[in-house]
Amino acid sequence: MQLDVVLVAEGARASGAALSTPRYEPSWFFDEIDDALVDACMRPRRREQVSGETREWLYRHLLACGHEANAKGHHFMAHAWFECAYLTKDDLSAFISSVNMRMRLGQATLASRLYERLLQRTLTDAHREVVERKLKEATGAKTSRSHAPRTAGIPQDEDRNRPPPPAPPRLRSLCLTLAASLSPLTLSPLTLAPHSRPSLSPPPHSHPSLSPITLAPHSHPSLPPLTLAPHSRRLTLASRPFREQLAQLLDPARAAQEVEGEERERLLKLLRRRGHACNEEHEYENAHYWFDCAYALEHQISDLLSAANMRLKLVDISPVAEALYLHVLTELHVSEREKAMAERKLSQLKENTRNLSASQEYTLVAEL
């Protein structure tokens, strides 16, 4: 497809905390989560006023792409497509599908809370049947998880014995490059009682002048903060969510291959337009969903940079954004403008990392 030069979403980040609803919850350690996260997921969506025909056309294609990604086991991307569908049309079918993807990603606690909230609404008989059935599944997943042995590390999938899918060679190389850039922590495997925290030991070559960073335990009153050595965010490189999100986003197979010609170009333009609109409205999480989908559709570097930039606005030390910038720099067909932006953003991200204050508290997010 021949496309004009497109803009990359950038701009200054709005002051204050950006709304974020990570797709991996800390419930491997906690049975409960904050109401604020549930409220954020259930918030009313701001939707662009478009003609009825365009809205229905876009909604139909977004749902189809979501189901296509789900069928491939690409639940991160399926969630993004379903969220975009719900941002397009106020239809609970899309929202229920997005919650289902959260459950498939291991968010049994959050999913169950969302299903409970949905059951308080006026639902069609079909929707109520689906939500009640999914609530039972989520409750069962929580019960199974509560009886499973705890191992140190980042929350993973429900099936913790399932080996991860083999990473493409370029993705493996990308993760190795990132892992080598900073000293990671060493994890001591052990079995933990419910609600206990993992033992994390800094490597023997940790710099003596660097103070540890305290990670807030999601405001859980009965648990002490989890203290990690500087740069311990590199734990995310070994986590399944980090690797799976990268693999799904950088999947060489384009989405919606049955959509061709002018219709495909129309879909891409709508995805980009909504991504830029969300960025201008400081809705960075929604923006990165739109740009993720735009990149999945046509594999344009500008869309990947936009997706990375939105993540950097959400989390200023985002390991996924860092991986995406490095990926851009390894691509053969990258314009000088795109290369310069990736280098500049990578420098900004590394500066953010160096400037971390030992007194700051961070919530460890494996995904972003």
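For clarity, every value in this text was computed on a predicted model and none was experimentally measured.

Caption draft 1: Highlighting the overall build of the protein chain. Helix and strand counts for the protein chain come out as 13 helices and five strands. Counting only residues that meet the buried cut, the protein chain has 52% of its 368 residues in that class. Residue pairs in contact within the protein chain that sit at least 24 positions apart in sequence constitute 74% of those at least 6 positions apart.

Caption draft 2: Expanded view of the pattern of salt bridges. For the structure on display, the rule yields 19 salt bridges. Where Arg45 meets Glu83, a salt bridge forms, and the shortest distance between an N and an O atom there is 3.2 Å. In this pair, Arg45 sits in the loop between α1 (35-42) and α2 (52-71) while Glu83 sits in helix α3 (residues 75-88), placing the two residues 38 residues apart along the sequence. As a salt-bridge pair, Arg264 and Glu298 come within 2.9 Å of each other at their nearest N and O atoms. Taken together, the positions of Arg264 in helix α9 (residues 261-280) and Glu298 in helix α10 (residues 284-298) put the pair 34 residues apart, joining distant regions of the chain.

Caption draft 3: Examining the environment of Ile33 more closely. For Ile33, the position within the fold is in the segment before α1. Along the chain, Ile33 and Thr109 lie 76 residues apart, while their C-alpha atoms are 7.4 Å from each other.

Caption draft 4: Spotlight on the environment of Arg145. Take Arg145: it is sitting in helix α6 (residues 125-146). Arg145 sits in the buried class, given a relative accessible area of 7%. For Arg145 and Gly106, which are 39 residues apart along the polypeptide, the C-alpha to C-alpha distance reads 9.7 Å.

Caption draft 5: Spotlight on empty space enclosed by the protein. Applying the stated rule across the entire model yields three cavities of 30 Å³ or more. Of the voids in this model, the largest cavity is the one considered here, and its volume is about 90 Å³. Every residue lining the largest cavity is listed: Arg47, Glu48, Val50, Thr54, Arg55, Leu58, Leu87, Thr88, Leu270, Arg273, Arg274 and Trp290. For the lining of the largest cavity, the elements supplying multiple residues, two or more each, are α2, α3 and α9.

Caption draft 6: Layout of the packing of α3 against α10. Direction vectors running N to C along α3 and α10 enclose 115°, while the axes themselves pass 9 Å from each other. As for how α3 packs across α10, the hand of that crossing is left-handed. Across the interface between the two elements, Met77, His79, Ala80, Trp81, Glu83, Cys84, Leu87 and Thr88 from α3 touch Asn286, Tyr289, Trp290, Asp292, Cys293 and Ala296 from α10. Per-class residue counts for the contact of α3 with α10 are nine nonpolar, three polar and two charged.

Caption draft 7: How the structure looks around unusual backbone geometry. Despite not being glycine, His282 shows a phi value in the positive range, around 65°. On the basis of relative accessibility, which here comes to 44%, the residue His282 falls in the partly exposed class.

Caption draft 8: Layout of the packing of aromatic side chains. Counted under the stated rule, the structure contains one aromatic pair. Aromatic side chains Tyr86 and Phe95 sit 5.1 Å apart centroid to centroid with 40° between the ring planes, which places their arrangement in the tilted category. Both residues of the pair, Tyr86 and Phe95, count as buried. Its guanidinium or amino end placed over the ring of Trp57, Arg266 lies 4.2 Å from that ring's centre, counting from NZ or CZ.

Caption draft 9: Quick peek at the packing of helix α12 (residues 319-330) against helix α13 (residues 336-354). Interhelical geometry of α12 versus α13 gives an angle of 150° and a closest axis separation of 9 Å. For the pair α12 and α13, the sense of crossing is left-handed. Here Ala321, Glu322, Tyr325, Leu326, Val328 and Leu329 of α12 lie close against α13, whose contacting residues are Glu338, Lys339, Ala342, Glu343, Lys345, Leu346, Leu349 and Lys350. Classifying every residue of the contact of α12 with α13 by side-chain character gives eight nonpolar, no polar and six charged.

Caption draft 10: Here's a closer look at helix α11 (residues 301-314). With 14 residues, α11 should reach 20 Å at 1.5 Å per residue; the first-to-last C-alpha distance of 20 Å fits that figure. Among the 14 residues of α11, 14 are classified as buried, and the element is accordingly described as predominantly covered.

Caption draft 11: The arrangement of the side chain of Arg43 in detail. As for its position among the elements, Arg43 is in the loop between α1 and α2. Among buried charged residues, Arg43 stands out as having no salt bridge; its nearest opposite-charge side chain is Glu285, 4.1 Å away. Within the structure, Arg43 has its side chain in polar contact with the backbone oxygen of Ala40 (distance 2.6 Å). Residues in contact with Arg43, not counting those within four places in the same chain, are Leu19, Thr21, Glu285 and Asn286.

Caption draft 12: Examining helix α5 (residues 108-119) more closely. Over its twelve residues, α5 extends 16 Å from the first C-alpha to the last, a length consistent with the 16 Å expected when each residue adds 1.5 Å. Of all twelve residues in α5, nine are buried, a share of seventy percent or more. Every buried residue of α5 is accounted for by Ala108, Thr109, Leu110, Ala111, Ser112, Arg113, Leu114, Tyr115 and Leu118. Next to the buried residues of α5 lie α1, α4 (92-104) and α6.

Thresholds, definitions, all that
Residues numbered from 1 in each chain as written. Predicted model: local features only at pLDDT ≥ 70, side-chain atom pairs only at ≥ 80, totals over all residues. Heavy atoms only, no water. Helix = DSSP H or I, 4+ residues; strand = E, 2+ residues; numbered from the N terminus. Buried < 20%, exposed > 50% of the residue type's maximum accessible area, 1.4 Å probe, protein only. Contact = heavy atoms within 4.5 Å. Salt bridge = Lys/Arg side-chain N within 4 Å of Asp/Glu carboxyl O. 1 Å grid on protein atoms, 1.4 Å probe; cavity = no way out; pocket = protein on both sides within 12 Å on 5 of 7 lines; lining within 4 Å. Points joined across faces, edges and corners; volume = space filled by probe spheres on them. Axes fitted to C-alpha atoms, helices over the stretch in contact; angles between N-to-C directions. Left-handed = near helix turned anticlockwise from the far one by under 90°. Nonpolar A, V, L, I, M, F, W, Y, C, P; charged D, E, K, R; others polar. Phe/Tyr/Trp six-rings, centres within 6.5 Å; stacked < 30°, edge-to-face > 60°. Lys NZ or Arg CZ within 6 Å of the ring centre and 35° of its normal. Expected span 1.5 Å × (residues − 1). Lys, Arg positive; Asp, Glu negative; His and termini not counted. Polar contact = N/O pair within 3.5 Å; in protein donor to acceptor, adjacent residues only side chain to side chain.

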